[in-house]
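Coordinates in review
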Amino acid sequence: MKIFFNGSLVDRADAKVSVFDHGLLYGDGVFEGIRLYDGCVFKLEEHLERLEYSAKAIMLKMPISRKELAEAVCATCRANNLKNGYIRLVITRGEGSLGLSIHSCKQPNLIIIADTIQLYPAEFYEQGLKIITVPTRRINPAALPPTVKSLNYLNNILAKTEAQHLGYHEAIMLNDQGYIAECTGDNIFALHKGVLLTPPSSAGALKGITRDAVLEIAAELKVPVREVNMTRYDTWICDELFLTGTAAEVVPIVEVDARPIGNGKPGELTLRFLEVFKRIVREQGTML
Ligand code: PMP
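What you are looking at is a predicted structure, and each value in this text was computed from that prediction instead of being measured. (Residues numbered from 1 in each chain as written. Predicted model: local features only at pLDDT ≥ 70, side-chain atom pairs only at ≥ 80, totals over all residues. Heavy atoms only, no water.)

1. Details of the overall build of the protein
If you tally the helices and strands in the protein, you get eight helices and 16 strands. Based on the C-alpha atoms only, the size of the protein along its principal axes is roughly 55 × 40 × 30 Å. Taking all 288 residues of the protein together, 50% fall into the buried category. The contacts in the protein between residues at least 6 apart in sequence include a share of 70% that link residues at least 24 apart. Only carbon and sulfur atoms are counted for the fraction: they give 54% of the accessible area of the protein, which is about 13700 Å². Across the protein, the centroid of the 32 positively charged side chains sits 2 Å from that of the 34 negatively charged ones. (Helix = DSSP H or I, 4+ residues; strand = E, 2+ residues; numbered from the N terminus. Buried < 20%, exposed > 50% of the residue type's maximum accessible area, 1.4 Å probe, protein only. Contact = heavy atoms within 4.5 Å. Areas by Shrake-Rupley, 256 points an atom, 1.4 Å probe, with all protein chains shown as cover. Lys, Arg positive; Asp, Glu negative; His and termini not counted. Charge placed at Lys NZ, Arg CZ, Asp CG, Glu CD.)

2. Observations regarding the site of the ligand
Close to the ligand lie 16 residues; Tyr153, Glu182, Ile209, Thr210 and Thr246 are nearest. In this structure, an oxygen atom belonging to the ligand sits 3.3 Å away from a side-chain N or O atom of Lys149. For the ligand, an oxygen atom lies 2.6 Å from a polar atom in the side chain of Thr210. Alone, the ligand offers 390 Å² of accessible surface; in the complex the protein occludes 92% of this. A molecule is said to occupy a pocket when more than half its atoms come within 2 Å of that pocket's grid points, and by this definition the ligand occupies the largest pocket. Only helix 6 (209–220) and strand 13 (240–245) provide two or more residues apiece to the shell around the ligand. (Near = heavy atom within 4 Å. Polar contact = N/O pair within 3.5 Å; in protein donor to acceptor, adjacent residues only side chain to side chain. 1 Å grid on protein atoms, 1.4 Å probe; cavity = no way out; pocket = protein on both sides within 12 Å on 5 of 7 lines; lining within 4 Å. Sits in = over half its atoms within 2 Å of the grid points.)

3. Points about the side chain of Thr235
With respect to the element layout, Thr235 can be found in helix 7 (residues 232–236). In this structure the side chain of Thr235 is engaged in a polar contact, spanning 2.6 Å, whose partner is the backbone oxygen of Arg232. For Thr235, the contacting residues outside a window of four places in its chain are Ile172, Ile180, Met230, Leu241, Val256 and Ile261.

4. Let's talk about the sheet that holds strand 16 (residues 286–287)
Read from one edge to the other, the open sheet built from seven strands follows the order 2-1-6-5-3-4-16, with strand pairing classed as antiparallel. Only two strands of the sheet have a single partner each, and these edge strands are strand 2 (8–11) and strand 16. Packed on one face of the sheet, helix 3 (residues 66–79) meets strand 1 (2–5), strand 2, strand 3 (29–37), strand 4 (40–41), strand 5 (85–92), strand 6 (109–115) and strand 16 and runs near 40° to strand 6. (Pairing = 2+ DSSP bridges. Axes fitted to C-alpha atoms, helices over the stretch in contact; angles between N-to-C directions.)

5. Description of the packing of aromatic side chains
Aromatic ring pairs are defined here through the distance separating the ring centres and the angle between the ring planes. Under the counting rule described, the total for this entry stands at six aromatic pairs. On the basis of an interplanar angle of 70° and a centroid distance of 5.3 Å, the ring pair of Phe31 and Tyr153 is categorised as edge-to-face. Of this pair, Phe31 sits in strand 3 while Tyr153 sits in the loop between strand 7 (129–133) and helix 5 (154–165), and the two are 122 residues apart along the sequence. Here a set of aromatic residues connected by ring pairs shows up, and it is made of Tyr37, Phe42 and Phe277. The aromatic ring of Trp236 is capped on one face by Arg259, whose charged end is 3.6 Å from the ring centroid. (Phe/Tyr/Trp six-rings, centres within 6.5 Å; stacked < 30°, edge-to-face > 60°. Lys NZ or Arg CZ within 6 Å of the ring centre and 35° of its normal.)

6. Considering the domain arrangement of the protein
Much of the literature gives interface size as the accessible area that the parts lose upon coming together. You can read the domains of the protein as domain 1 (2–115) and domain 2 (122–286). Placing the centre of domain 1 and that of domain 2 at their C-alpha centroids yields a distance of 26 Å. With 30 residues of domain 1 at the contact, the number on the domain 2 side is 23 residues. Summed over the three residues of domain 1 that lose the most area to domain 2, namely Phe31, Phe42 and Arg50, the buried surface amounts to 30% of that side. Seen at the junction of domain 1 and domain 2, the total is three salt bridges. Among the ionic pairs, Arg35 bridges to Glu249, the shortest N-O distance being 3.5 Å. Counting every contact that joins domain 1 to domain 2 gives 13 residue pairs in polar contact (both at pLDDT 80 or more). Secondary structure elements with two or more residues in the side of domain 1 that touches domain 2: helix 1 (22–26), strand 3, strand 4, helix 2 (44–57) and strand 5. Here the residues of the side of domain 1 that touches domain 2 are counted per class, giving 14 nonpolar, nine polar and seven charged. (Domains from an automatic or database assignment. Buried area = accessible area lost by both parts, 1.4 Å probe. Salt bridge = Lys/Arg side-chain N within 4 Å of Asp/Glu carboxyl O. Nonpolar A, V, L, I, M, F, W, Y, C, P; charged D, E, K, R; others polar.)

7. What about unusual backbone geometry?
Across the chain, the bulk of peptide bonds are trans and the bulk of non-glycine residues have phi less than zero. Even without glycine at this site, Glu249 takes up a positive phi of about 65°. Tracing the backbone through its elements, the reader meets Glu249 in strand 14 (residues 249–256). We classify Glu249 as buried; its relative accessible area is 6%.

Right, dumping it as structure tokens:
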């Protein structure tokens, strides 16, 4: 496997960062997860824009331009003969001293990994997923904006681990006011009386690229959308519920906190969203 590492494609074994990298020492850095479908990178511009915004928010200078980065992403996929897969773009603060200061880190490390993807099993889409709300709260947006896709994922990892200990694959995370923020690695949508509801990013949600794609599909399908603070109650009584994410795409939820959603089967409109999403990933995208 070839890894793009600071400007060149190197063997996996040679792609190494220092133990003094602040990405490792403090989770100081940003990343993106992008999908490759049939030789086309889905929403590349949007992912690169979010990466730039994340970097700007933590005062990390992008080591190369957006155009160069787009080319590097495509070159990494080509070097690995990949047509379908998952691309991980990581920019760490780089090597520095043992203090927290960003000023000791002179050069960020840029890493691009293009690999095959372990998809969710088909039954998640056919039968739907059961989820729960976990006790670990989403970090307050005033402490770390959820819109920054940073290397600090411990909060989400703890929430996911709580879900796994109870036998679930995903979980709802609440913010410190008790409103729904998002799931541990996905955004959440509820359909109630024909209106699609999703938490705003101010409630602790990442501005998901798949979330945006679903908002576009909702406009196409003429489904009204409201970005509102949502409570657990809103998920218990809704007609349909689903998750969105780059890896997950659109996953129907059939149970939350032991309450069945709708008739306990994937929702009709949810499946329609999934169908349209699967269509647009084939129609749109940057060719390698
Ligand atoms: N929320 C979190 C915390 C995430 O890590 C992700 C990405 N896996 C998402 C939401 C979904 O975002 P996207 O659609 O851009 O993958």
